[in-house]
Structure formats: structure tokens, C-alpha cells
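Structural description and commentary
Chain by chain, the residues:
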Amino acid sequence: MKKSVFLGTLSLAALAGGMAAAGTLDDVKARGMLNCGVSTGLAGFSAPDANGVWQGFDVAVCRAIAAAVLGDPMKVNFVSTTGQTRFSALASGEIDILARNTTWTFSRDVDLKFTFAGVNYYDGQGFMVKKALGVSSAKELDGATVCIQTGTTTELNLADFFKSNNMTYEPVPIETNAEAQQQYLAGACDVYTTDASGLAATRATFADPENHIVLPEIISKEPLGPLVRHGDDQWADIAKWTLNALIAAEEYGITSANIDELLKGTQNPEINRLLGTEGELGAMLGLDKEWAVRAIKAGGNYGEIFAATIGESTPIGIARGLNAQWTQGGLQYSPPFR
């Protein structure tokens, strides 16, 4: 069993390395479309709207990259992936980038040979229960049945948490968030555990969200972010610096509303370099001067995207918390554009 898993990992890693060597930027330009791997549907993060158009916090990353590279944020083909299928889809070249609540871990980075473009959401694993269960702490869940998505970091985190607290549980394996929601509401499990952001997104879709609570314990670090294959540094740089452009734009006060005015020139060299009115940063990526301008215009800066998709004024209702700018006590921080 261990041998087959090891060989499977080697095959996946070899496949990733081989596909990346092809030159993803050239492939995307030739195709005229960015293939973006997303979830099977997670409200606020990645889900199709009533017209079948994908929307959400993770979706915005791919639209920004498409705008930067192809000049049009709508030139994206969204591919639904599960916790089990997402990595093979990326390794095989079916998708150019994976942008779906995926935790940056050592083994995914090093062993599976993926390059994370950064962290677009700092998260942690939590637990959701029905109020009627009468539980106020995860440490009261001894003997509970727990719905958990397979192929995710949450499986090991869950086992570690229960073991360290001398508790037992019965796992109820599920593959997608929709299946988890169905099983949880049907009473097939007492608890649903996943990233706290996912719990908030799921709870917001319930007919009676007030009858469900997210317990206070956060049992892990889950830095979520988009990722690409190893072996294509240019494409990894484009993904990385597009995300950084969205984060930096918020820090420097560049918004979708004022960006055209700022393009006339400012007294801040960092803003000028980011917007391409000074320097040659675009050429270093193999793009034109206004790549970041198009990325920011696609959905706004990081803060605008957060507020519009998952922020406190949306049904998801998530506060910025750790995802505030570093100048506001959060962890979001872009390296300098210079």
C-alpha cells in the first residue's frame, strides 16, 4: 500500500515537471483562454451564478491573470475539481492554474512539485454543528460523527485534534462541499469540519443559518492560495506578481474607480512602477506595461474583491481579520515592485 502511494506520487510529480516545461504563457496565448481549476461550488469563493458565470474570491484571481495575459478577464475556462482530482488536473496540464481553497503545505510544494503563488486567504480548520446539539466547544465532541472531505489536509488535522484531546469520532467521508452540506443537513453527521471560511460560506446558504454555529476552536493553520506546476518560472512569476499587484494596489490606495486618474502619473514611484508609467516591470514578465492595470481593473484591488465576494456586507459575512493589510494588523503584504 505504501509503495503504491509512493509510486503514484512520483508519477504525479514527473507528470507535473514534464507538462510545465512546455511554456504555459505561450500555451495560454495560443489557446486564447486561461484554464483555471476551481472548486465544485463554494459560495463566495468559486461558484457559478444564475447565468452560469463563475463568480467569487478565488475566481477573481484567475480573472485578474486572464486580464493581465490575454487582455480580457472573461477569457477563462473554469474547470471544477474536487479535493481528490485537483492535483492531477494541474499536473496533467488540464488546467494552467489551480485557484480553489487549497492549503500551501511542504509536501504539496516539494513532493508534488507545485509552486504556490502566495496566500490569498489565511485560514484555519473549524467545526460547525447544529445549535440543537447543545455543544459550545469542539472539546465536547467525543464520539461524534464528522463529515469530512477526502483528499484534504482536514483529515489529518481532525485525527490529530481528537487524539490529542483523548476523544474518538466516526468519520463520514464526502467528496464535495455540496455532498457535505447534504449529509450534514440530513443528519448523517453531527459535525462538519473544513476551513472556517468554507464553513461560513456553507452556513450562508442554509435556509436557517441561525440554527447552526461555528465552534470557537481553530485547530490548524491553512494558508490558502493559487498554485501552478513546477518547472515554468515565468508562469509562476506571472501568477505570483498578479496576486501581489492586487494586494499592493489596496495598500497604495489604487482602486478600480481611481486607477485611470493615477495612470496620468503620481508622486509615488512604487505606484508608477506598478501601473507601468515608469520602469519596465512588464517586460520582465514577458508582458506589456499595463498588465497590472488590467489585472486590477478586472475586479478591483484585493480589498475590493474581498468586500464584494466574502466580506461583512455579503451573505458570507467574513471579517478581514488575518487577511487585513499588514498596515492594519493583518498578514497581507506584497513585496516591493522595484
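For the structure itself, consult the block above.
The structure presented is a predicted model; accordingly, all values stated were derived computationally and were not measured.

Thoughts on helix α7 (residues 177-186)
Among all positions in α7, only Asn 177, Ala 180 and Tyr 184 are buried. All buried residues of α7 project into a common sector of 55° when viewed along the axis, lining one side. In α7, the exposed positions that point more than 90 degrees away from the buried face belong to Ala 178, Gln 182 and Ala 186. Looking at the buried side of α7, the elements it contacts are β8 (125-130), β9 (144-149), β10 (169-174), β11 (191-195), α8 (196-204) and β12 (212-214). Where α7 terminates, the next one or two residues include Gly 187, which has phi positive at roughly 85°.

Brief notes about the pattern of salt bridges
What the rule picks out here adds up to nine salt bridges. Asp 260 serves as the salt-bridge partner of Lys 297, at 2.8 Å between the closest nitrogen and oxygen. Note that Lys 297 is positioned in helix α13 (residues 291-299) and Asp 260 in helix α10 (residues 259-262), a separation of 37 residues in sequence. Glu 280 is the salt-bridge partner of Lys 289, the closest N and O atoms lying 3.3 Å from each other. Classification of Glu 280 by relative accessible area gives partly exposed; the value is 46%. The network of salt bridges with shared partners includes Glu 270, Arg 273 and Arg 338.

Section: the environment of Asp 58
In this fold, Asp 58 is placed in helix α3 (residues 57-70). Taking relative accessible area as the criterion, Asp 58 reaches 4% and is therefore assigned buried. Placed 73 residues apart in sequence, Asp 58 and Lys 131 show a C-alpha to C-alpha distance of 30 Å. Ignoring anything within four residues of it in the chain, the contact list for Asp 58 reads Phe 45, Ala 99, Arg 100, Asn 101 and Asn 120. Polar contacts involving the side chain of Asp 58 include one to the side chain of Asn 120, which spans 3.1 Å.

Topic: the side chain of Thr 176
For Thr 176, the position within the fold is in the loop between β10 and α7. Contact partners of Thr 176, with chain neighbours within four places excluded, come to Thr 40, Thr 82 and Gln 149.

Things to note about the packing of helix α2 (residues 24-31) against helix α9 (residues 233-251)
The N-to-C vectors of α2 and α9 enclose an angle of 75°; their axes lie 7 Å apart at closest approach. Comparing the axis directions of α2 and α9 gives the class roughly perpendicular. Between α2 and α9, the contacting residues are Thr 24, Leu 25 and Val 28 on the first element and Gln 234, Trp 235 and Ile 238 on the second. In the contact of α2 with α9, the residues fall into four nonpolar, two polar and no charged.

What about the state of the cysteines?
By the definition in use, this model includes two disulfides. Disulfide pairing places Cys 147 opposite Cys 189 at an S-S distance of 2.1 Å. Between Cys 147 and Cys 189, the S-S dihedral sits near -100°, and the bridge is therefore left-handed. You can see Cys 147 sitting in strand β9 and its partner Cys 189 sitting in the loop between α7 and β11, a full 42 residues away along the chain. Accessibility classification places Cys 147 together with Cys 189 in one group, the buried group. Looking at the protein chain, its bonded cysteines, counted consecutively from the start of the sequence, adopt the pairing 1-2, 3-4.

Quick word on the packing of aromatic side chains
Using the criterion set out here, one finds 16 aromatic pairs in the structure. Aromatic pair Trp 104 and Phe 116: ring centres 5.4 Å apart, planes at 5°, arrangement stacked. Taken together, the positions of Trp 104 in the loop between β5 (97-98) and α5 (106-110) and Phe 116 in strand β6 (residues 114-116) put the pair 12 residues apart, joining distant regions of the chain. Judged by its relative accessible area of 35%, Trp 104 is partly exposed. Note on Phe 116: relative accessible area 5%, which makes it buried. Pairing Tyr 184 with Phe 206 gives two aromatic rings, centres 6.0 Å apart and planes at 15°, and the pair type is stacked. You can see Tyr 184 sitting in helix α7 and its partner Phe 206 sitting in the loop between α8 and β12, a full 22 residues away along the chain. Residue class for Tyr 184 comes out buried when judged on its relative accessible area of 0%. Taken together, the aromatic side chains of Phe 45, Phe 57, Tyr 121, Tyr 302 and Phe 306 make up a single cluster linked through ring pairs.

A word on the sheet that holds β11
Note: strands within a sheet are paired through backbone hydrogen bonds, in either parallel or antiparallel orientation. An order of β10-β9-β11-β8-β12 is seen for the five strands of this open sheet, with the pairing classed as mixed. In this open sheet, the two edge strands, each paired with only one partner strand, are β10 and β12. Adjacent strand axes in the sheet meet at a mean angle of 30°, parallel and antiparallel pairs treated alike.

Parameters at a glance
- Residues numbered from 1 in each chain as written.
- Predicted model: local features only at pLDDT ≥ 70, side-chain atom pairs only at ≥ 80, totals over all residues.
- Heavy atoms only, no water.
- Buried < 20%, exposed > 50% of the residue type's maximum accessible area, 1.4 Å probe, protein only.
- Helix = DSSP H or I, 4+ residues; strand = E, 2+ residues; numbered from the N terminus.
- Arc of directions from axis to C-beta.
- Contact = heavy atoms within 4.5 Å.
- Salt bridge = Lys/Arg side-chain N within 4 Å of Asp/Glu carboxyl O.
- Polar contact = N/O pair within 3.5 Å; in protein donor to acceptor, adjacent residues only side chain to side chain.
- Axes fitted to C-alpha atoms, helices over the stretch in contact; angles between N-to-C directions.
- Parallel < 35°, antiparallel > 145°, perpendicular 65-115°, else oblique.
- Nonpolar A, V, L, I, M, F, W, Y, C, P; charged D, E, K, R; others polar.
- Disulfide = S-S within 2.5 Å.
- Phe/Tyr/Trp six-rings, centres within 6.5 Å; stacked < 30°, edge-to-face > 60°.
- Pairing = 2+ DSSP bridges.

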